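# An overview of the molecular structure
Here is how the chains run, residue by residue.
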Amino acid sequence: MTNSKFDVVIIGGGPAGLSGAVALGRARRSVVVVDSGEPRNAPAHAVHNFLTRDGTSPAELRRLGREEARAYGAELVDARADGVQRTDDGFAVRLSTGSVVTGRRLLVTTGLVDELPEVEGLRERWGVDALHCPYCHGWEVRDRAIGVLASGPRAFHQALLFRQWSPDITLLLNGQALPEAEQLELLAARGIKVVEGRVERLVVEDDTLVGVELAGGSVHALEALVVGAPVSVRAGLLVDLGLELAEHPMGMGLYVATDASGATSLPGVWAAGNVTNLAGQVITSAGEGLWAGAQINASLIADDERDALEAYRAAR
């Protein structure tokens, strides 16, 4: 790293962070991206619904994004941000390498973590044939036998949603309460099966999901499993700065609330991507990172204009 003082420090090097870095670099701002290399979508084979990049692997998309950010002058640091402190003129970010980088503004794009239920074999199939988003993976599992693993009230809606992609949908209650009579009637009307009993493990043959085993040993044949896992945002650094996480209006968990510009309630701190948009896809996160970068640049321009005017008046 050739510098330690920047206009903007970006914590998180996914689509949101790298898009923000490109926007700021093109605006001739000095920017550093601190990335620990732990992307949420690493298990997935490909990114979808990203215009002109459909089918690109997450690793390749990250490589291309890093290359593009560097082309516009961004510095990339492979490290974990271990702490953030407010300073007189911005923020100081302590890295796992022992270094400290400072910035006039802070953009947090650290994303979130899927909290998978404890089902044997699920973590190994996550992003392969154990999925969560129909818009990310629905086309790839169209017309297959799809199970929806209940882990909360959203499972009912997930089963109905995935029915758009396949006529063979099973709602696996996995110990959850039976849906209400009206919900059961709607599931039946859509041809969605309901299976009670706790799911113990995924059944895999020749590296392919073929079913789930229920408590008691019975196996329900499946070719894909949908898991609406709870999520937790990686926002510890912001909480340490004094930010209070907000309850998501759709009951998806806690998230970092921002205004229309992407600014948080902490002065000088912006957020973009899944840390603030829990349901956002890759292309959404990229767009939000671009927008936040532009708004950060506008705030820096306002500071530069103020400083220039004060200097001009003092010199007269």
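In this text the structure is predicted, and so the values were computed from the model without any measurement. (Residues numbered from 1 in each chain as written. Predicted model: local features only at pLDDT ≥ 70, side-chain atom pairs only at ≥ 80, totals over all residues. Heavy atoms only, no water.)

The next subject is the overall build of the chain. Assigned secondary structure in the chain consists of eight helices and 19 strands. When the backbone C-alpha atoms are referred to their principal axes, the chain occupies close to 85 × 40 × 35 Å. Expressed as a percentage of its 316 residues, the buried residues of the chain come to 48%. Put simply, the chain shows about 15,900 Å² of open surface, and 50% of that area lies on carbon and sulfur atoms. Mean positive and mean negative side-chain charge positions of the chain (29 and 41 charges, respectively) differ by 7 Å. (Helix = DSSP H or I, 4+ residues; strand = E, 2+ residues; numbered from the N terminus. Buried < 20%, exposed > 50% of the residue type's maximum accessible area, 1.4 Å probe, protein only. Areas by Shrake-Rupley, 256 points an atom, 1.4 Å probe, with all protein chains shown as cover. Lys, Arg positive; Asp, Glu negative; His and termini not counted. Charge placed at Lys NZ, Arg CZ, Asp CG, Glu CD.)

We now examine the nonpolar core. In terms of nonpolar packing, the biggest core is built from 31 residues, with Val-9, Ile-11, Val-84, Val-93, Val-101, Leu-106 and Leu-238 touching the most fellow members. Of all elements in the fold, only strand S1 (5-11), strand S2 (31-35), strand S4 (81-87), strand S5 (90-95), strand S6 (100-108), strand S16 (231-233), helix H7 (236-240) and strand S19 (269-271) reach the threshold of two or more residues within this core. Leaving out residues up to four positions away in the same chain, Val-93 has contacts with Val-9, Ile-11, Ala-81, Gly-83, Val-84, Ser-99, Val-100, Val-101 and Leu-106. Leu-18, Ala-74, Leu-76 and Leu-300 belong to the second-largest nonpolar core, a separate cluster that totals 19 residues. (Core = buried A, V, L, I, M, F, W, Y, C linked by side-chain atoms within 4.5 Å. Contact = heavy atoms within 4.5 Å.)

Counted by the stated rule, this structure contains two aromatic pairs. Seen from their ring centres, Tyr-135 and Trp-165 are 5.5 Å apart, and the 85° between their planes marks the pair as edge-to-face. With Tyr-135 in helix H4 (residues 134-137) and Trp-165 in the loop between helix H5 (154-162) and strand S10 (169-172), the pair connects residues that are 30 residues apart, well separated along the chain. Look at Tyr-135 and you get partly exposed, because its relative accessible area is 46%. Under the relative-accessibility criterion, Trp-165 is labelled buried at 17%. Each residue in the set Tyr-135, Phe-162 and Trp-165 is aromatic and connected to the rest through ring pairs, giving one cluster. Directly above the aromatic system of Trp-139 lies the positively charged group of Arg-142, at a separation of 3.9 Å from the ring centroid. (Phe/Tyr/Trp six-rings, centres within 6.5 Å; stacked < 30°, edge-to-face > 60°. Lys NZ or Arg CZ within 6 Å of the ring centre and 35° of its normal.)

All right, on to the layout of surface pockets then. What the second largest pocket holds in volume is close to 190 Å³. Lining the second largest pocket are Ala-44, His-45, Ala-46, His-48, Gly-127, Val-128, Asp-129, Leu-131, His-137, Glu-140, Val-141 and Arg-144. Per-class residue counts for the lining of the second largest pocket are five nonpolar, four polar and three charged. (1 Å grid on protein atoms, 1.4 Å probe; cavity = no way out; pocket = protein on both sides within 12 Å on 5 of 7 lines; lining within 4 Å. Points joined across faces, edges and corners; volume = space filled by probe spheres on them. Nonpolar A, V, L, I, M, F, W, Y, C, P; charged D, E, K, R; others polar.)

Attention now moves to unusual backbone geometry. Despite not being glycine, Thr-52 has its phi angle at roughly 75°, a positive value. Along the polypeptide, Thr-52 turns up in the loop between S2 and helix H2 (58-71). What makes Thr-52 exposed here is its relative accessible area of 72%. The phi dihedral of Asp-207 falls on the positive side, at around 60°, and the residue is not glycine. Structurally, the position occupied by Asp-207 is in the loop between strand S12 (199-205) and strand S13 (208-214). Take Asp-207: its relative accessible area is 60%, and that puts it in the exposed class.

We now examine the pairing of S2. Counting buried positions along S2 gives five out of five residues, so the element sits mostly inside the fold. By the alternation rule, side chains of S2 split into Val-31, Val-33 and Asp-35 and Val-32 and Val-34, which are all buried. Where S1 lies against S2, four bridges are found, and the strand directions are parallel. Paired with Val-8 across the two strands is Val-31, which belongs to S2. What joins S1 to S2 is helix H1 (residues 15-26), and the crossover it makes is right-handed. As paired elements, S2 and strand S3 (residues 75-78) share four bridges and run parallel to each other. Across the sheet, Val-34 pairs through a bridge with Val-77, a residue of S3. Between the parallel pair S2 and S3, the chain is carried across by H2, and the sense of this crossover is right-handed. (Pairing = 2+ DSSP bridges. Right-handed = clockwise from strand over helix to strand, strands pointing away.)

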